[in-house]
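Survey of secondary and tertiary structure
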Amino acid sequence: MKTSKPGKSSKRATMTDIATQAGVSQSTVSLVLNAMTGTKLSKETRQRVLRIAEELGYQLPEGRKATAADTAPSPSMPPKDARRLILYLVDEISTSPHPVVSVDGAKDEAWNQDTLVAVFATRSNADIESAVLAAMLANPLLAGVVYSTIFTRQTVPPAALSGVPTVLLNCYVPEGTEPHFSSIVPSEVVGGTTATEYLVHAGHKRIGFINGEPWMDAAKERLKGYCRALSSADIAFDETLVREGDWQVTTGFDCTLSLMQNAQPPSAIFCANDLMAVGCLEALHCLGLNVPADVSVIGYDDQEIARHTHPPLTTLVLPNYEMGRLAVELLLDEANGMPHRKRRIKVEAQLVERGTVGPPPTKS
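Residues numbered from 1 in each chain as written. Predicted model: local features only at pLDDT ≥ 70, side-chain atom pairs only at ≥ 80, totals over all residues. Heavy atoms only, no water.

**What about the overall build of the protein chain?**
Condition: By definition, any uninterrupted DSSP run of H or I lasting at least four residues is a helix, any uninterrupted run of E lasting at least two residues is a strand, and each is numbered from the N terminus. A 1.4 Å probe rolled over the protein chains alone gives each residue an accessible area, and that area as a share of the maximum for its type sets the label: buried under 20%, exposed over 50%, partly exposed in between. Contacts were defined at the residue level, with two residues in contact if any of their heavy atoms lie within 4.5 Å. Accessible areas in this description were obtained via Shrake-Rupley with a 1.4 Å probe; residue shielding takes into account the shown protein chains only.
Scanning the protein chain from N- to C-terminus turns up 11 helices and 12 strands. Counting the 364 residues in the protein chain, one finds 47% classified as buried. At a minimum sequence separation of 6, the contacts of the protein chain that also span at least 24 residues come to 68%. Carbon and sulfur atoms make up 53% of the accessible area of the protein chain, which amounts to about 18300 Å² in all.

**Some thoughts on the sheet that holds strand β6 (residues 207-211)**
Filter applied, for reference: Here, any two strands with at least 2 DSSP bridges between them count as paired. The axes are straight lines fitted to the C-alpha atoms, using for helices just the contacting stretch, and the angles between their N-to-C directions are given from 0 to 180°.
Read from one edge of the open sheet, 4 strands run β7-β6-β8-β9, paired in parallel fashion. If you trace the sheet from one side to the other, it starts and ends with β7 (242-244) and β9 (296-298), each paired once. Adjacent strand axes in the sheet meet at a mean angle of 15°, parallel and antiparallel pairs treated alike. Relative to β9, strand β8 (residues 268-271) runs parallel, the two being bridged by 3 bridges. Looking at the pairing, Ile269 lines up with Val297 of β9. Across the sheet, helix α7 (residues 188-201) lies against β6, β8 and β9, angled at about 165° from β8, the strand it touches most.

**A few points about the side chain of Ser187**
By the element assignment, Ser187 lies in the loop between β5 (182-186) and α7. Among the residues examined, Ser187 registers a relative accessible area of 7% and is labelled buried. Residues in contact with Ser187, not counting those within four places in the same chain, are Tyr300, Lys346, Val347 and Glu348.

**Thoughts on the packing of helix α5 (residues 98-112) against helix α11 (residues 320-335)**
Heads up, the condition is: For classification purposes, an angle smaller than 35 degrees is called roughly parallel, one larger than 145 roughly antiparallel, one from 65 to 115 roughly perpendicular, and anything else oblique. We call a crossing left-handed when the near helix sits turned anticlockwise from the far one by less than a right angle, and right-handed when that turn is clockwise. Following the grouping adopted for this structure description, the nonpolar residues are Ala, Val, Leu, Ile, Met, Phe, Trp, Tyr, Cys and Pro, the charged ones are Asp, Glu, Lys and Arg, and the polar ones are all others, Gly among them.
It is at 7 Å that the axes of α5 and α11 come closest, and there the two elements cross at 40°. Judged on the interaxial angle alone, α11 and α5 are oblique. Relative to α11, the crossing made by α5 is right-handed. On α11, the residues that touch His98, Val101, Ser102, Asp104, Gly105, Ala106, Asp108, Glu109 and Ala110 of α5 are Asn320, Tyr321, Gly324, Arg325, Val328 and Glu329. A class-by-class count of the residues in the contact of α5 with α11 yields 5 nonpolar, 5 polar and 5 charged.

**Examining the confidence of the model for the protein chain**
Applied cut-off: For every residue, the predictor states its confidence as a pLDDT score lying anywhere from 0 to 100.
Put simply, the protein chain has an average pLDDT of 87, and 86% of its residues get 70 or more. Per-residue pLDDT stays below 50 along residues 1-9; that stretch engages in 11 contacts with residues further than four places along the chain or on separate chains. Confidence drops under pLDDT 50 across residues 68-76; counting only partners more than four residues distant or on other chains, this segment forms 12 contacts.

**Concerning the packing of α7 against helix α8 (residues 217-232)**
Relative to each other, α7 and α8 sit at 45°, their axes nearing to 7 Å. For the element pair α7 / α8, the angle class is oblique. Viewed along their axes, α7 and α8 form a crossing whose handedness is right-handed. Here Glu188, Val189, Gly192, Thr193, Thr196 and Glu197 of α7 come into contact with α8, specifically with Ala218, Glu221, Arg222, Lys224, Gly225, Tyr226, Arg228, Ala229 and Leu230. Among the residues making up the contact of α7 with α8, the classes are represented as 5 nonpolar, 4 polar and 6 charged.

**Focus: the pattern of salt bridges**
Which entries qualify depends on this criterion: The term salt bridge refers to a pairing of a side-chain nitrogen on Lys or Arg with a carboxyl oxygen on Asp or Glu at a separation within 4 Å.
Tallying each qualifying case throughout the model produces 14 salt bridges. The partner of Glu221 in a salt bridge is Lys224, with the nearest N and O atoms 3.2 Å apart. Within this pair, Glu221 and its partner Lys224 are both found in helix α8, separated by 3 residues, close to a single helical turn. Each of the salt bridges in this network shares a partner with another, and the network as a whole consists of Glu109, Glu322, Arg325 and Glu329.

**Let's talk about the nonpolar core**
The nonpolar side chains of a soluble globular protein tend to be buried with one another. Spelled out, the test is: The nonpolar core is taken to be a set of buried Ala, Val, Leu, Ile, Met, Phe, Trp, Tyr and Cys residues, with the residues joined through side-chain atoms within 4.5 Å.
Among the nonpolar cores identified, the biggest contains 39 residues, and Tyr226, Ile269, Phe270, Cys271 and Val297 are the most heavily contacted of them. Those elements giving two or more residues to this core turn out to be α7, β6, α8, α9 (249-260), β8, α10 (274-286) and β9. Ranked by residues supplied to this core, first place goes to α10 with 5 residues. The contact partners of Phe270, leaving out residues within four places of it in the chain, are Gly192, Ala195, Thr196, Leu199, Gly208, Phe209, Ile210, Arg222, Tyr226, Ile298, Gly299 and Tyr300. Within the second largest apolar cluster, 21 residues are counted, among which are Ile86, Tyr88, Ala106 and Ile184.

**So, the layout of surface pockets**
Using the following cut-off: With a 1 Å grid laid over protein atoms only, a set of points is called a cavity when a 1.4 Å probe fits there but cannot get out and a pocket when it is open yet has protein on both sides within 12 Å along at least five of seven lines; lining residues have an atom within 4 Å of a point. Grid points are joined across faces, edges and corners, and a volume is the space filled by probe spheres set on the points.
One number sums up the size of the largest pocket: a volume of about 510 Å³. Lining the largest pocket are 30 residues, with Ser96, His98, Ile150, Phe151 and Met216 sitting closest to its centre. Looking at which element gives the most residues to the lining of the largest pocket, the answer is strand β3 (residues 142-154), with 5 residues. For the lining of the largest pocket, the residue count by class is 13 nonpolar, 12 polar and 5 charged.

**Digging into the packing of aromatic side chains**
To keep things clear, this is the line we draw: Think of it this way: a Phe, Tyr or Trp ring, Trp meaning its six-membered ring, pairs with another when their centres are within 6.5 Å, and the plane angle makes it stacked under 30 degrees, edge-to-face over 60, tilted otherwise. Criterion for a charge above a ring: Lys NZ or Arg CZ within 6 Å of the ring centre, and within 35 degrees of the ring normal.
Scanning all chains against the criterion turns up 4 aromatic pairs. Their ring planes at 80° and their centres at 6.4 Å tell us that Tyr226 and Phe237 sit as a pair that is edge-to-face. Highlighted residues: Tyr226 in helix α8 and Phe237 in the loop between α8 and β7, separated in sequence by 11 residues. Members of the aromatic cluster, each reached through a chain of ring pairs, are Phe209, Tyr226, Phe237, Phe270 and Tyr300. Of note, Arg222 hangs over the ring of Tyr300, and the distance from its end group to the ring centre comes to 3.8 Å. In this arrangement the basic side chain of Arg344 is found over the ring face of Tyr172, its NZ or CZ atom lying 4.1 Å from the centre.

Here's what the structure looks like:
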């Protein structure tokens, strides 16, 4: 029912008229007009009721004109058009390009879902982590938390995350741990298998492997993949063809020189990351060997440098972007009340064919 302002009609506005136009109940109108405290009405609702009451010419109780307290935005009630927020908590971000790519994937997916991402790097400092969580978990816009680590590893998330939607990125909780969280990790065994199988399919049987530090999950899993591919091809594992490096160019160089001193040197070398592959290529060049005519080389990660070696490096893309994107997709599903089983999702690396792999040299 429409009512007229004073001067246009003699009819006096009622609380029912205010409630109809404000889209609230008559009891809500009464609470607002009588300045009742202890109610959970938002400032926005109070403001709307008072504004419509004045427009309709309703006689407000003495002193109940709209005040700054009524019209000021409430710190606990975000604006209607405010984007939701995701806390992206990571232990380290500046010492490797990988977490930055994961952040990009997370930000892009969040933006597509009307959400922003706030990134905090704690440097594994428990006090910083606690301070960030205390501040961010109180934010009414917070949809949930992506809890990430720079290296793939087992972790025990802070207890404060038990009551908020959370997805683990590049890390996972021990089996049987409560509360259990879904996690997104790279499928390193499949990656190691894919790289080695690519060399096998090119015709290689003597395949060297330069791995990273053996205590790391990535190194353990890529070695498993290497062994699995050899076994599937009925190629016996030869420990003299395996070297342990530290992910750096120098050890790639040194380990390659060591491998090529073997009485039966490899015709192909799988390096567990691109930096060691760069060192491998340089060592082969110093030995007067051509890639891939004399020795084939494959890397892992697809870092920017892989495009600029001579020849350009065949490698695998570590799926950081997709992992970050998927973590946010899963998190927002949970925040929106879509039930799903807590699980560990493994994202596979994709092969990038360039110029460092060819058939083994023909014996003269």
